[in-house]
Structures are given as C-alpha cells and as structure tokens.
Amino acid sequence: MTPLVYSHLRKIALSYLRRERPDHTLDATGLVNELFLVLLNEKKAKFEDRAHFFVFAARAMRRILVNCSRNHRAAKRGAGETRLELSPELAWIDPEGPEMIDLDRALDEMELIEPRKARVVELRIFLGCTSTEAAGLMGISKPTLDRDFRFALAWLFDRLKGSA
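What you see is a predicted model; the values in this text were computed from it and never measured. (Residues numbered from 1 in each chain as written. Predicted model: local features only at pLDDT ≥ 70, side-chain atom pairs only at ≥ 80, totals over all residues. Heavy atoms only, no water.)

A. View of the overall build of the protein chain. Secondary structure summary: the protein chain contains seven helices and zero strands in total. Helices (α) and strands (β) of the protein chain occur, in sequence order from the N terminus, as α-α-α-α-α-α-α. In the protein chain, which comprises 164 residues, the proportion classed as buried is 46%. Pairs at least 24 apart in sequence give 64% of the contacts found in the protein chain among residues at least 6 apart. On the protein chain, roughly 9100 Å² of surface is accessible, and the fraction owed to carbon and sulfur atoms is 54%. (Helix = DSSP H or I, 4+ residues; strand = E, 2+ residues; numbered from the N terminus. Buried < 20%, exposed > 50% of the residue type's maximum accessible area, 1.4 Å probe, protein only. Contact = heavy atoms within 4.5 Å. Areas by Shrake-Rupley, 256 points an atom, 1.4 Å probe, with all protein chains shown as cover.)

Structure (structure tokens):
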C-alpha cells in the first residue's frame, strides 16, 4: 500500500508544513514517517474507502503537529518568531500559540456533534483541498460543502473567540 499513497501523503505533509514555523524539526518525509508509525500502532483501523483513509491520515498528521507544538511550547523556545497563518480562513489562529491546541479540542468537540462539518474543515484547512475536491471526496454538492464550511468556521470562531 505504501507505494500507492506515499506521494499523496507527502504532498499533504508539505501542505501542513508550509503553515508551520520555518525551523520545524519535522520535514515532509519525517511527518509521513511519523504517520506510518501511527498507522502501524492503529490496531482497529479499517478504512471504508480512499477518502476515509486520507481523512484519517490528515487527522493523524494534525495530531502529530499539535503534539510537536505542545512540546515546542513546553520547551519555551521560539520567542520572537514571525507568525504564520494556518489558513486565510483561520487567520485569527496562531499556529504556535495555545490557540492551535484549543482548535484541536474544538474540532474534536465539533466531530461529536457535527461530524460532517468537522470533516469539511479537515479536508479544506488541513488537507488543503479545494471546495470542489472536498465535495467530491465527501460525495456532497459544492454548495452544501460551502455552507458546511461557513457554518464550521463561524462555530469555531464562536467557540474559540466568542467567550473571550
């Protein structure tokens, strides 16, 4: 299976890492290797289709990078670095700050109550899919996906910034 998915996973990893700090300890190859370690340790993983596998992979990569962010913050390094946007839609999230961990928790919470909307965010923001690509992977229309995405962004903003 590795030869079939490696190049696509590496593209996803590059997409993730473009939004990370320039001196990140992982490169795309390292992130994919970390993902394969997660996949090897995942005993109950059964993937329904290609889209399900790549959503799982994107989620796992996000968790790997969140853990790296936690470790980086815990070491109290990186003062004075320039801020990189996670995505234009989530420009109010600092990938190096506690907001990234809060975003991860909020996405987990959204997944419990609105799983399709959480999946839309993962595909659009973390996997870097266009609306058309994400709609195709999810088997829904582009207008439905766009509505779900707008709702999810508003929900995340309210959840993370509304109480501030």
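B. Examining the nonpolar core more closely. Formed by 50 residues in total, the largest nonpolar core has its most connected members in Leu9, Tyr16, Leu31, Leu35, Met61, Phe126 and Leu156. When contributions to this core are tallied by element, the ones reaching two or more residues are helix 1 (2-18), helix 2 (28-41), helix 3 (50-74), helix 4 (98-113), helix 5 (115-126), helix 6 (131-138) and helix 7 (142-161). No other element matches helix 3, which puts 12 residues into this core. If near-sequence neighbours (up to four positions away) are discounted, Leu35 is found in contact with Leu9, Ala57, Ala60, Met61 and Ile64. (Core = buried A, V, L, I, M, F, W, Y, C linked by side-chain atoms within 4.5 Å.)

C. Main features of the packing of helix 6 against helix 7. Following both chains from N to C, one finds helix 6 and helix 7 inclined at 105°, their axes separated by 9 Å at the closest point. Comparing their axes, helix 7 and helix 6 come out roughly perpendicular. Residues Ser131, Thr132, Ala134, Ala135 and Met138 of helix 6 form the contact with helix 7, whose participating residues are Lys142, Leu145 and Asp146. When grouped by side-chain class, the residues that make up the contact of helix 6 with helix 7 number four nonpolar, two polar and two charged. (Axes fitted to C-alpha atoms, helices over the stretch in contact; angles between N-to-C directions. Parallel < 35°, antiparallel > 145°, perpendicular 65-115°, else oblique. Nonpolar A, V, L, I, M, F, W, Y, C, P; charged D, E, K, R; others polar.)

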